[in-house]
Amino acid sequence: MSATPTVVKLGGSCLEDLDGSWWDDLAEHGRGTPLVLVHGWSKPLKRLSEREGKQLEILRDRYGNQSRWTTPEVIADIRTVSAEIAGEVISRLELRGITVERLLGSDGLVSAGEGERWWWREKQLVELDNLVGPITGVDPGPLKNLQPGHAYVVTPLARNAAGQEVNTDGDRAAAAIAGGVGATDLVLVTNVAHLLVDGEPVRRISAKAAAAFRDNGATGGMRKKLRAAGEALDQGVARVVIGSAPVTDLLADRTGTTITRL
């Protein structure tokens, strides 16, 4: 590993909204820094399901945590839309002079533990096979070419101890990968410009304050992002930036929300 990479999570709800200048900026950053890009798939997967008349069901476990019910068919659909997303990212970066490799997290990069088996359905706790699992480790070995001018596009699936391919949270996968490769910076690109606390944008916040807000105020996707940020910082990442702007603007603290350990 010749240089410290920047890990960037590309939110599945905002990928289509990133214009040419955003990709120009990312490529410019990538000429001097290795890139690991972890992509989401929420909007494309929803669109595929609607087109094929499928119902995406959200489950809630006995602790109140939510999860998409992931069957082998859903895993196959994730693979389908992820191949299209990765192809688009590769095309945009190669057009700008960055070489790119695609990697599935389940191909030896991301390991997952046993998932929850009891879920609420129709006001009853029932046992279900749900192909999800918490991330238990990252082996950076498959990222063999972390060099300036080169990028990896990672689909955040994982492999559990039983050898099954499972769904994981993309933000938390990006956090674990950032820790695994020794990244200084994790950038979570989303469709909101800043973390909002009491309706006001927050430019900088400590990990402790972010965790307090996560547990008492944050909702939905932002709650997951704050959890991922805390996990990245716990694994040695120096800072996590959340926002919708070009990566160099986010890293230069010109916009977005920066989360640090202190």
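So, here's what we can say about the structure.

Right, let's get into the overall build of the protein. Check the secondary structure of the protein and you find seven helices and 18 strands. A compact globule built from 262 residues would reach a C-alpha radius of gyration of about 18 Å, and the protein, at 18 Å, matches this within 12%. If one aligns the C-alpha atoms of the protein with their principal axes, the spans along those axes are about 50 × 40 × 35 Å. Out of the 262 residues belonging to the protein, those deemed buried represent 49%. Put simply, 74% of the contacts in the protein that link residues at least 6 apart link residues at least 24 apart. Summed over its atoms, the accessible surface of the protein is roughly 12,200 Å², and 47% of this surface lies on carbon and sulfur atoms. Within the protein, the 34 negative side-chain charges are centred at a point lying 3 Å from the centre of the 31 positive side-chain charges.

Evaluated as defined, the whole model comprises one aromatic pair. With 5.0 Å between their ring centres and 80° between their planes, Trp22 and Trp23 make a pair best called edge-to-face. You can call Trp22 buried: its relative accessible area is 3%. Judged by relative accessible area, Trp23 falls into the buried class, the value being 1%.

Counting 73 residues, the largest nonpolar core has Leu93 and Leu186 as its most contacted members. Top element by residues in this core is helix H3 (residues 72-94). It accounts for nine residues. Those residues within four positions of Leu186 in sequence are excluded, and the remaining contacts are Val7, Ala174, Ala175, Ala178, Ala232, Val237, Arg239, Val240 and Val241.

Another point: the pairing of strand E17 (residues 239-243). The buried fraction of E17 is high, at five of five residues. Neither face of E17 is exposed, since Arg239, Val241 and Gly243 on one face and Val240 and Ile242 on the opposite face are all buried. Relative to E17, strand E13 (residues 185-189) runs parallel, the two being bridged by five bridges. Each residue of the ladder has a partner; that of Val189, found in E17, is Gly243. As paired strands, E17 and strand E18 (residues 257-260) are joined by four bridges and run antiparallel to one another. Within E18, the position partnered with Val241 by the bridge is Thr258.

Thresholds, definitions, all that
- Residues numbered from 1 in each chain as written.
- Predicted model: local features only at pLDDT ≥ 70, side-chain atom pairs only at ≥ 80, totals over all residues.
- Heavy atoms only, no water.
- Helix = DSSP H or I, 4+ residues; strand = E, 2+ residues; numbered from the N terminus.
- Rg over C-alpha atoms; globule rule 2.2 N^0.38 Å.
- Buried < 20%, exposed > 50% of the residue type's maximum accessible area, 1.4 Å probe, protein only.
- Contact = heavy atoms within 4.5 Å.
- Areas by Shrake-Rupley, 256 points an atom, 1.4 Å probe, with all protein chains shown as cover.
- Lys, Arg positive; Asp, Glu negative; His and termini not counted.
- Charge placed at Lys NZ, Arg CZ, Asp CG, Glu CD.
- Phe/Tyr/Trp six-rings, centres within 6.5 Å; stacked < 30°, edge-to-face > 60°.
- Core = buried A, V, L, I, M, F, W, Y, C linked by side-chain atoms within 4.5 Å.
- Pairing = 2+ DSSP bridges.

Honestly, it's all geometry; don't read function into it.
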